[in-house]
Amino acid sequence: MKLRKLVVGMMFVTVIAPIALFTVRFNSSSPTNELNEEVSAFSFPGGDPTHLNVLPQESSVTLKEPVGIVYSDNNTPSAAGHNSDLDSDLLLSPPKEHKSSRFLHTTDDEDQSHTVNPIREVTDATELSTIINNPGNEEKRASEIIDTKHEQQSGGHVDEKESIKAETEKQTHQTAVSDARVRHLRDQLIRAKVYLSLPATKSNPQFIRDLRGRIKEVQRALGDATKDSDLPKNANEKLKAMEQLLDKGKQLQDECAAVVKKLRAMLHASEEQLRVHRKQTLFLTQLTAKTLPKGLHCLPLRLTSEYYNLNSSQRGFPNQEKLEDPQLFHYALFSDNVLAAAVVVKSTISNAKHPSNHVFHIVTDRLNYAAMRMWFLVNPPGKATIQVQNIEEFTWLNSSYSPVLKQLGSPSIIDYYFRAHRANSDPNLKYRNPKYLSILNHLRFYLPEIYPKLNKILFLDDDIVVQKDLSGLWSIDMKGNVNGAVETCGENFHRFDRYLNFSNPLISKNFDPRACGWAYGMNIFDLEEWKRQNITDVYHTWQKLNHDRQLWKLGTLPPGLITFWKRTYPINRYWHVLGLGYNPSVSQREIERAAVVHYNGNLKPWLEIGLPKYRSYWTKYVDYDKAFIRECNINP
């Protein structure tokens, strides 16, 4: 018994006591803290103990830390000092939610989880700065850096707005990185050209020869590249070689004033060149807008040929008894463009609730009359009624009755349009469009004379597309006004002073320069009020006063603003959305809500210069499989 007690006592002294002592020591002092203290107190040879600064150690470019993923082990206890809720989130989250191995948890609570890690900031900045010197995987590497940084900032608890903001910043960083070397190469070319012209470098023939050689190399490497992935593999070598030579050129300069002077001269020359190019672009755009594409020239010729092969009994349209019925919905469309008119009619009928109640009155010129009739004979508008008239049939519309018709045939107008030397000097190029010479453009001021038995009529331009039923326009109470239109007050250039000459006393005394303009292109006209207020005579009076074009330039909107001054009723703007022919920033939401979209401007959807993002709204109403369209090679 005594022997047994002795053995147990010896076991307690040799085994259990050391374990107990070690546990107590472990709880009172953390090994990690001791290690940190030892590292912090590390002293360099010959110097005093000092605390190491971590940031400079991370700035090394040559040594890169491997990217890895740290997975949590459910059996591993939480580290001391970490919030238990945060630890449980880490343990329960799937692998894809774990942070990069470089992500350092230095916070004690969830609110501090968004604190920026200074080590990470320095590492990311250094790595981004070296992307230019490491071609090949720069985009992928930048993406990794930005992704990891986004994870660090979000901490897994980012709301929707922060997520969108982070994604936008990520895309911006990626875009900046993707063309960083391209922009650097272009900057080098500009600096090289400056050095070529400076006196200090001109006196060094060897430097000039080397610089010209480097310029050629960089130009060949750059080519037409717009992003770094377009550059050849040796572009990085060219960039470094040019940078070294430019540094040498910088050392040759004895004063900065010459460099600044040269850069300013280059800036002024570039601005002048840009101005010239803009003027040429404007002229070419106007010229393209006036030009009829080959396919649209072919189409009326083919249709005209087929029309005159028809018997007279085959040339008539059905339902002609509806043409003067004031209870129906009547549309006026004046156009010499067959395909454009076809889109207007088809889009209107396609979106009408009761197509049989809609009547289309189309007026065209003598050249396109047969083609326009043939199109709608071959492609009838369903249950709707169609009428096609030749403007030559309106014998009452002559120069003795219409002042504008007399003015359009005057020698001064012809000279204004056909003198070639004016093309490059006229600041009002848009007013030189031949459409202003066509009486079709001014026919809108004679609606009561053309349709004397109608009460209301909806005027449509041929560059619009209808997207919704328009029958509601006829039920609008216009409160005694003649014209119902969408106002265009959103921007300054749609005010009266943009279109009228307020330096003329006739204009300044009668109109407000800041008054809202309104849009032609979709207008509901009350023809009874028109006749009651004698609107046509008002139009004629102002046209006679503008015989020398001193009140306004050519066009129909300025005389329309004058004629319907204080006689226009503003309708909801979603009836008519404008700008698809010149403004690339019209929102898709506005377009989809609009009853009518208008391609006002030079960039018509049937022209190659049309804005591609808007073309589909127009082309969806063109059947490119039709025989005439296919034969004329008209393509979307």
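Quick summary incoming for the structure in this document. Keep in mind it's a predicted model, so treat the numbers as computed, not measured. (Residues numbered from 1 in each chain as written. Predicted model: local features only at pLDDT ≥ 70, side-chain atom pairs only at ≥ 80, totals over all residues. Heavy atoms only, no water.)

Before going further, it helps to examine the overall build of the protein chain. On a plain count of helices and strands, the protein chain comes out with 25 helices and ten strands. Looking at the protein chain as a whole, 41% of its 636 residues are labelled buried. Of the accessible surface of the protein chain, which amounts to about 36,400 Å², a share of 53% is contributed by carbon and sulfur atoms. (Helix = DSSP H or I, 4+ residues; strand = E, 2+ residues; numbered from the N terminus. Buried < 20%, exposed > 50% of the residue type's maximum accessible area, 1.4 Å probe, protein only. Areas by Shrake-Rupley, 256 points an atom, 1.4 Å probe, with all protein chains shown as cover.)

We now examine the packing of helix H13 (residues 294-307) against helix H15 (residues 369-378). Relative orientation of the contacting elements H13 and H15 amounts to 75°, with a least axis distance of 8 Å. When the axes of H13 and H15 are compared, the pair comes out roughly perpendicular. Contacts between H13 and H15 involve Leu299, Pro300, Leu303, Thr304, Glu306 and Tyr307 on the former and, on the latter, Ala370, Ala371, Arg373, Met374, Trp375 and Leu377. (Axes fitted to C-alpha atoms, helices over the stretch in contact; angles between N-to-C directions. Parallel < 35°, antiparallel > 145°, perpendicular 65-115°, else oblique. Contact = heavy atoms within 4.5 Å.)

Time to look at unusual backbone geometry. For Asn319, which is not glycine, the phi torsion reads 60° and is therefore positive. When you line up the elements, Asn319 lands in the loop between H13 and strand E1 (329-334). The phi dihedral of Lys479 is positive, around 55°, even though this residue is not glycine. Taking the relative accessible area as the measure of exposure, Lys479 reaches 59% and is therefore exposed.

Before going further, it helps to spend a moment on helix H14 (residues 338-350). Taking 1.5 Å per residue as the helical rise, H14 with its 13 residues ought to reach 18 Å, and the 18 Å between its terminal C-alpha atoms agrees with that figure. Along H14, the residues that are buried comprise Val338, Leu339, Ala340, Ala341, Ala342, Val343, Val344, Val345, Ser347, Thr348 and Ile349. The opening residue of H14, the one whose side-chain oxygen lies 3.3 Å from the backbone nitrogen of Leu339, is Asn337. (Expected span 1.5 Å × (residues − 1). Polar contact = N/O pair within 3.5 Å; in protein donor to acceptor, adjacent residues only side chain to side chain.)

In this section: the nonpolar core. Among the nonpolar cores identified, the biggest contains 67 residues, and Leu299, Phe376, Leu458, Leu470, Leu473, Trp575 and Trp618 are the most heavily contacted of them. Looking at which element gives the most residues to this core, the answer is H14, with nine residues. The contact partners of Leu458, leaving out residues within four places of it in the chain, are His330, Tyr331, Ala332, Leu470, Leu473, Trp474, Met522, Asn523 and Ile524. Core analysis: the second largest hydrophobic core is formed by 43 residues, Phe394, Phe459, Ile535 and Tyr539 among them. (Core = buried A, V, L, I, M, F, W, Y, C linked by side-chain atoms within 4.5 Å.)

The next point concerns the sheet that holds E1. Reading across the sheet, the seven strands line up as E3-E2-E1-E4-E7-E6-E8 and stay open at both edges, with mixed pairing between neighbours. Strand pairing shows two members of the sheet lacking a second neighbour, strand E3 (385-390) and strand E8 (568-570), which therefore form its edges. Taken over all neighbouring pairs, the strand axes of this sheet differ in orientation by 25° on average, direction set aside. Bridge analysis of strand E2 (residues 358-364) against E3 gives six bridges, and the strand direction is parallel. Residue Val363 lies in a different strand from E3, and its bridge partner there is Gln389. Sitting on the sheet, H15 is in contact with E2 and E3, with an inclination near 170° to E3. (Pairing = 2+ DSSP bridges.)

Right, let's talk about the sheet that holds strand E5 (residues 464-466) for a bit. Within a sheet, adjacent strands bond to each other through the backbone by hydrogen bonds, running parallel or antiparallel. Reading across from one edge, E5-E10-E9 is the order of the three strands in this open sheet, with mixed pairing throughout. Every interior strand has two partners, whereas the edge strands, E5 and strand E9 (576-577), have only one. Here E9 runs beside strand E10 (residues 596-598); their pairing, made up of two bridges, is parallel. In the sheet register, Val577 faces E10, and the bridge partner there is Val597.

Under the defined criterion, the tally for this structure stands at two disulfides. A sulfur-sulfur separation of 2.1 Å characterises the disulfide bridge that pairs Cys298 with Cys632. Across the disulfide from Cys298 to Cys632, rotation about the S-S bond amounts to roughly -70°, and the bridge is consequently left-handed. Taken together, the residues Cys298 in helix H13 and Cys632 in the segment after helix H25 (627-631) connect sequence positions 334 residues apart. Residue class for Cys632 comes out buried when judged on its relative accessible area of 5%. Within the protein chain, bonded cysteines paired by disulfides and numbered along the sequence follow the pattern 1-4, 2-3. (Disulfide = S-S within 2.5 Å.)

Turning to the environment of Leu198, a few remarks are in order. Along the chain, Leu198 falls in the loop between helix H8 (180-197) and helix H9 (199-202). A residue is classified by how much of its surface remains accessible, and Leu198, at 3% relative accessible area, is buried. In this structure the C-alpha to C-alpha distance between Leu198 and Lys262, which are 64 residues apart in sequence, comes to 8.0 Å.

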